[in-house]
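Residue strings, one per chain:
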Amino acid sequence: MRGLTVRVTLAVLALVATLYFPTQRVGMAEAQTFNLEKAVMEAKTPADHEAIVSYYEKEAATAKDKAAEHHRLMEAYRTQSASPRGQGQPTMANHCQQLAQTYESIAKENTALAMAHRQMAQEAAQKK
């Protein structure tokens, strides 16, 4: 009986902890509240441009993570295709390769946008 009570108590504590502790969605809420179009249209001060830099740097990091994920998946599919049961895997590996390249391109473009706004921030600071 005591063992059952301990297991039930641990299960309840795990459920409470899961519901209580914040999840990664907190960062998503922050990103959704940042209005990039408005920020770009109204950017005048160095701080305004730095906020945009931060946004683009986060987007670049996310794209790099996705590219790395698809590179790993590509290798996994290629490994599977070497097995007798992996006949459809080369197509999947090609899809992952294309996605990885797309995400790498997105990361590169976001990094370029961040650098451009960093330059704008410096120029805005010099005008003061």
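Preceding this paragraph is the structure being described.
As the structure is a prediction and not an experimental result, all values here were calculated from the model.

A. Fine view of the overall build of the chain. Tallying secondary structure elements over the chain gives five helices and zero strands in all. If you list the helices and strands of the chain from N to C, you get α-α-α-α-α. Every one of the 128 residues in the chain was classed for burial, and the buried ones make up 18%. Long-range contacts, defined here as pairs at least 24 residues apart, represent 61% of the contacts in the chain between residues at least 6 apart. Carbon and sulfur atoms form 59% of the exposed surface of the chain, whose accessible area is close to 9900 Å².

B. Region of the structure containing helix H4 (residues 46–81). For H4, built from 36 residues, the straight-helix expectation of 52 Å at 1.5 Å per residue is met to within 8% by its first-to-last C-alpha distance of 52 Å. Among the residues of H4, those classed as buried are Pro 46, His 49, Ile 52, Val 53, Tyr 56, Ala 60, Ala 63, Ala 67, His 70 and Met 74.

C. Up close: the side chain of His 70. Structurally, His 70 is set in helix H4. Its relative accessible area of 11% is what places His 70 among the buried residues. Sequence-distant contacts of His 70, that is, excluding residues within four places in its chain, are made with Cys 96, Leu 99, Ala 100 and Tyr 103.

D. Looking closely at the pattern of salt bridges. Scanning the entire structure with this criterion turns up three salt bridges. A salt bridge links Glu 57 to Arg 118; its shortest N-O distance comes to 2.8 Å. In this pair, Glu 57 is assigned in helix H4 and Arg 118 in helix H5 (residues 89–127), connecting sequence segments 61 residues apart. Residue classification places Glu 57 among the partly exposed positions, given a relative accessible area of 37%. One salt bridge in this structure joins Arg 78 and Glu 75, with 3.8 Å as the shortest N-O distance. Residue Arg 78 and its partner Glu 75 are located together in helix H4, separated by three residues, close to a single helical turn.

E. Representation of the nonpolar core within the structure. Grouped together as the largest cluster of nonpolar side chains are six residues: Ala 39, Ala 43, Ile 52, Val 53, Tyr 56 and Ala 114. Of the residues forming this core, the biggest block, three residues, is contributed by H4. Ignoring any residue separated from it by four or fewer positions in sequence, one finds Ala 43 in contact with Asp 48, His 49 and Ile 52.

F. Here's a closer look at the environment of Thr 79. In this fold, Thr 79 is placed in helix H4. Here Thr 79 falls in the exposed class, since its relative accessible area comes to 58%.

G. Examining the packing of aromatic side chains more closely. Tallying each qualifying case throughout the model produces two aromatic pairs. Ring centres of Phe 34 and Tyr 55 lie 5.3 Å apart, and the angle between their planes is 25 degrees; this geometry places the pair in the stacked category. Of this pair, Phe 34 sits in the loop between helix H2 (25–33) and helix H3 (36–42) while Tyr 55 sits in helix H4, and the two are 21 residues apart along the sequence. Between Tyr 55 and Tyr 56, the ring centres sit 5.5 Å apart and the planes meet at 70 degrees, which makes this aromatic pair edge-to-face. Overall, the relative accessible area of 21% leaves Tyr 55 in the partly exposed class.

Rules of the game
Residues numbered from 1 in each chain as written. Predicted model: local features only at pLDDT ≥ 70, side-chain atom pairs only at ≥ 80, totals over all residues. Heavy atoms only, no water. Helix = DSSP H or I, 4+ residues; strand = E, 2+ residues; numbered from the N terminus. Buried < 20%, exposed > 50% of the residue type's maximum accessible area, 1.4 Å probe, protein only. Contact = heavy atoms within 4.5 Å. Areas by Shrake-Rupley, 256 points an atom, 1.4 Å probe, with all protein chains shown as cover. Expected span 1.5 Å × (residues − 1). Salt bridge = Lys/Arg side-chain N within 4 Å of Asp/Glu carboxyl O. Core = buried A, V, L, I, M, F, W, Y, C linked by side-chain atoms within 4.5 Å. Phe/Tyr/Trp six-rings, centres within 6.5 Å; stacked < 30°, edge-to-face > 60°.

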